Amino acid sequence: MTMTDRTPTSASASLAGGTATVADLGSGVPLVIAAHGTRDTHGVETCRALVRRVAGKLPGVPVELGFVELAEPPIAEAVAAAITAGQSERAEERPSVASPQTAEDADPAADPGGPDAVVVPLMINTGGHVQQDIPEAIEEGRGDSRVVYSRPLQPDARLRQALVRRLTQAMEPASGEAWKPRDTAAVLVGRGALVPDANAAHYQLTRLFWEESGLNRVQPAFIQVTRPALPEALTLLACEGATQIVVVGNFLFPGLLHRWMTEQVEAWNSARPDVEVRIAEVIGDCDELADVVVDRYREPLDEVGLGEGAPVYMSGLRLQGRDVLVVGAGHVAERRVVRLLEAGARVHVVAPNTGIQLGRLARKGLVDLQRRAFTPSDLNGMWFVQALTNDPEVNAAIAAEAERQRIFCVRGDAGRKGSAFTPATQEAGGMTVSVVGDRTPRKSAKLRDELLRALQG
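Since this is a predicted model, take the numbers as computed values, not measurements.

Remarks on the nonpolar core
By size, the foremost hydrophobic cluster in this structure holds 50 residues, and its most contacted members are Leu 31, Ile 33, Val 54, Leu 122, Phe 209, Leu 289 and Tyr 297. In this view, Leu 122 contacts Ile 33, Ala 34, Ala 35, Cys 47, Leu 50, Leu 153, Leu 252, Phe 253 and Val 293; residues no more than four positions away in its chain are not counted. Core analysis: the second largest hydrophobic core is formed by 21 residues, Val 187, Ala 221, Leu 237 and Val 247 among them.

In structure tokens:
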């Protein structure tokens with residue numbers, strides 16, 4: 001499914017952040033949108049409509065759609081088609097010459113060494129598809145071409161705005177009584193995943209959605225895999241006195257998940273007719289979602305040095321006796337703190353709340369723990385910083401201040417927006433093996449393990 005608008009490069013396209021020329025939008029580097037897929041024909045058509053909307057915002061850029069499962073074409077095929085489309089576009093744009101060029105006459109700067117395609121996962125959060133299935137499909141379809149892989153859609157305020165808009169539409173129907181936010185509760189339903197980070201992100205989204213919607217109460221729930229289940233969340237709200245509840249599915253398109261959600265609501269409501277429940281529409285084909293996809297496409301193209309590997313200069317940090325700051329105290333922070341201590345760093349941790357392990361390290365005097373929010377002065381005198389909170393805005397503020405003070409910073413939520421990456425690392429036989437990949441942590445870890453086996457073999 002190729003959607004290419006052959007608009008001259010002098011044209012401009014309006015984006016969420018302002019106006020950008022086609023050159024700013026990636027100079028025609030093809031985009032592959034990697035969607036989940038569904039047997040629901042309306043869901044597939046809504047997805048295709050969204051892709052057409054994205055293509056309209058990227059004049060001059062070939063746009064392909066591929067699916068993980070349940071719909072055609074598969075992602076590997078879409079990647080191959082995008083690369084072919086990009087090559088055809090570049091061939092048509094080459095100026096004609098009076099005689100063929102020899103290899104010696106060719107301009108070595110004509111090929112900037114940039115990527116041949118960008119893949120954006122049309123997935124709300126991370127999970128098995130984002131971490132494994134889509135990267136494997138990219139490898140299958142790219143051949144010898146360079147393909148970069150962007151990040152999932154959340155977190156992004158525009159998607160929350162889309163959810164609030166769907167909520168408002170359910171509360172203020174064209175026919176029927178309008179509900180006031182202060183008298184209304186809601187359940188925000190996520191997909192549910194085996195990846196804890198994805199489920200935790202849904203809890204964070206629920207809190208932000210609650211504060212931005214002005215509702216009386218919002219409960220998180222999941223449609224599969226994990227709890228709390230939707231009926232449990234509805235029962236909890238009813239026990240707290242809610243008589244008006246809107247169920248909002250954090251789903252992109254119509255399909256099986258939204259149908260399951262509707263069936264569960266109807267079953268629960270039949271046993272509790274004293275509570276009025278309304279169901280909001282899915283996010284669907286809308287400008288908010290399209291603009292997020294466009295930005296995910298642009299993010300890796302904004303970087304300097306894209307090539308065959310990750311856009312970093314490999315090196316090693318000697319942190320013995322040097323001050324290092326970790327902001328955040330989740331599971332990732334705990335692992336990083338241990339590695340930093342092993343490297344001999346003087347570790348400072350700033351976080352409002354901490355787990356058992358970091359608390360124990362602080363009581364032993366191994367880390368300096370400050371139980372409070374981050375302030376810019378925390379960076380004073382630091383050699384290195386890791387921004388590992390669950391709030392993207394806080395991580396962005398840390399990275400910006402670190403950039404101002406010329407301190408290298410790792411961002412746990414959006415690695416490409418930091419100034420340093422943390423590799424997949426393992427030690428064995430007196431050697432340390434580290435691999436830095438390109439937005440595919442599982443692939444980096446797999447390669448690290450294969451290298452270790454080869455070295456130990």
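Observations regarding the packing of helix H1 (residues 41–57) against helix H8 (residues 287–301)
Here H1 crosses H8 at 60°, and the two axes come no closer than 9 Å. The angle between H1 and H8 falls in the class oblique. Remark: the crossing between H1 and H8 carries right-handed chirality. Residues Leu 50, Arg 53, Val 54 and Lys 57 of H1 lie in contact with H8, whose contacting residues are Asp 287, Leu 289, Ala 290, Asp 291, Val 293 and Val 294.

Things to note about the packing of aromatic side chains
For any pair of aromatic rings, the description consists of the separation of the ring centres together with the inter-plane angle of the planes. A full pass over the atoms with the stated rule returns 1 aromatic pair. Residue placement shows Arg 278 over the ring face of Trp 179; its charged tip is 3.8 Å from the ring centre. Looking at Arg 322, its charged tip hangs above the ring of Trp 383, at a distance of 4.4 Å from the centre.

A short note on the sheet that holds strand E13 (residues 346–350)
Read across the open sheet, the 5 strands follow the order E14-E13-E12-E15-E16; overall the sheet is parallel. Strands with a single pairing partner mark the edges of an open sheet, and in this sheet they are strand E14 (367–370) and strand E16 (408–411). The mean inter-strand angle of the sheet, taken between neighbouring strand axes irrespective of direction, is 15°. One ladder, built from 5 bridges, connects strand E12 (residues 323–327) with E13; its direction is parallel. Bridge assignment links Val 327 to a residue of E13, and that residue is Val 350. Contacts from helix H11 (residues 392–404) reach E12, strand E15 (384–387) and E16, with the element oriented near 165° to E16.

Section: helix H10 (residues 356–363)
Among the residues of H10, those classed as buried are Leu 358, Gly 359 and Leu 361. Considered in projection along H10, the buried side chains sweep an arc of 160° and stay on one side of the axis. Of the residues in H10, the exposed ones pointing more than 90 degrees away from the buried face are Ile 356 and Arg 363. Downstream of H10 by one or two residues, Gly 365 has phi in the positive range, about 80°.

Focus on the pairing of strand E9 (residues 217–222)
Taking burial as the measure, the 6 residues of E9 include 5 buried ones, the bulk of the element. Across 6 bridges, the pairing between strand E8 (residues 185–190) and E9 is parallel. If you follow Gly 190 over to E9, its bridge partner there is Phe 222. After leaving E8, the chain enters helix H5 (residues 196–213) and then returns to the sheet as E9, a path that is right-handed.

Reading guide: rules and limits
Residues numbered from 1 in each chain as written. Predicted model: local features only at pLDDT ≥ 70, side-chain atom pairs only at ≥ 80, totals over all residues. Heavy atoms only, no water. Core = buried A, V, L, I, M, F, W, Y, C linked by side-chain atoms within 4.5 Å. Buried < 20%, exposed > 50% of the residue type's maximum accessible area, 1.4 Å probe, protein only. Contact = heavy atoms within 4.5 Å. Axes fitted to C-alpha atoms, helices over the stretch in contact; angles between N-to-C directions. Helix = DSSP H or I, 4+ residues; strand = E, 2+ residues; numbered from the N terminus. Parallel < 35°, antiparallel > 145°, perpendicular 65-115°, else oblique. Left-handed = near helix turned anticlockwise from the far one by under 90°. Phe/Tyr/Trp six-rings, centres within 6.5 Å; stacked < 30°, edge-to-face > 60°. Lys NZ or Arg CZ within 6 Å of the ring centre and 35° of its normal. Pairing = 2+ DSSP bridges. Arc of directions from axis to C-beta. Right-handed = clockwise from strand over helix to strand, strands pointing away.

Coordinates in, geometry out; function isn't part of it.
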